[in-house]
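Residues per chain are reported as follows:
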Amino acid sequence: MNRKHPVIPERVLEKPPSAELRPGQTDLETLPPYDLLDAILYRYVDCSESPEEIIAAGYPAENVYRVIQMVHSAEFKRRQAAPGLKVSGRSFGVDWHMPIAAKPWWR
């Protein structure tokens, strides 16, 4: 529909995906490339693989530990959010329990 009636400005469609960041800031300044990030998250969250299993599958250890650390440090945000729909095989509801005050289990 954008061809007949430009509802969405072209600059919005061409802009790389990112979170709500300051002007000129991109996700890739703090995140690994999306294909690598997605693969690590899939293995960790959906497949319940340990960091060691993910690293053994050929993913860089530094990226694996960094991504997992970000998942755990953002857990408080998830707990504050309103309940949402389950859109994958892994639910972030009842079966996703991360310790808040305990030492991370993967270290």
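Before reading further, recall that the structure is shown in the block above.
The structure presented is a predicted model; accordingly, all values stated were derived computationally and were not measured. (Residues numbered from 1 in each chain as written. Predicted model: local features only at pLDDT ≥ 70, side-chain atom pairs only at ≥ 80, totals over all residues. Heavy atoms only, no water.)

A.B. asks: Requested: an account of the overall build of the chain, with residues and values cited.
C.D. replies: Summing up its helical and strand segments, the chain has five helices and zero strands in all. Going through the 107 residues of the chain one by one, you find that 23% of them count as buried. Partitioning the intrachain contacts of the chain with sequence separation of at least 6 by distance along the chain shows that 48% fall at a separation of at least 24. (Helix = DSSP H or I, 4+ residues; strand = E, 2+ residues; numbered from the N terminus. Buried < 20%, exposed > 50% of the residue type's maximum accessible area, 1.4 Å probe, protein only. Contact = heavy atoms within 4.5 Å.)

A.B. asks: Quick rundown of helix α4 (residues 61–73)? Include the residues and the values.
C.D. replies: When the terminal C-alpha atoms of α4 are compared, their 18 Å separation across 13 residues agrees well with the 18 Å that a helix rising 1.5 Å per residue should span. Buried residues in α4 make contact with α2 (34–46), α3 (51–56) and α5 (75–80). (Expected span 1.5 Å × (residues − 1).)

A.B. asks: Tell me about the packing of α2 against α4, residues and numbers included.
C.D. replies: Remark: α2 packs on α4, axes separated minimally by 10 Å, with the N-to-C direction vectors making an angle of 65 degrees. As far as their axial angle goes, α4 and α2 are roughly perpendicular. As for how α2 packs across α4, the hand of that crossing is right-handed. Where α2 approaches α4, its residues L36, L37, I40, L41 and Y44 are matched on the opposing element by N63, V64, V67, I68, V71 and H72. (Axes fitted to C-alpha atoms, helices over the stretch in contact; angles between N-to-C directions. Parallel < 35°, antiparallel > 145°, perpendicular 65-115°, else oblique. Left-handed = near helix turned anticlockwise from the far one by under 90°.)

A.B. asks: Run through a nonpolar patch on the surface, naming residues and quoting values.
C.D. replies: Residues V7, I8, V12 and L13 make up a contiguous nonpolar surface patch of roughly 360 Å² in combined accessible area. Tracing the sequence through the fold places V12 in helix α1 (residues 10–14). (Patch = residues over 30% accessible without salt bridge, like charges linked within 9 Å, V, L, I, M, F, W, Y side chains within 5 Å. Areas by Shrake-Rupley, 256 points an atom, 1.4 Å probe, with all protein chains shown as cover. Salt bridge = Lys/Arg side-chain N within 4 Å of Asp/Glu carboxyl O.)

A.B. asks: Go over the pattern of salt bridges, please, and point to the residues and values.
C.D. replies: Per the counting criterion, the structure on display carries one salt bridge. The partner of R43 in a salt bridge is E49, and the shortest N-O contact between them spans 3.0 Å. In this structure R43 comes out as partly exposed when scored by relative accessible area, which is 23%. Relative accessible area serves as the criterion here: at 18%, E49 is assigned to the buried category.

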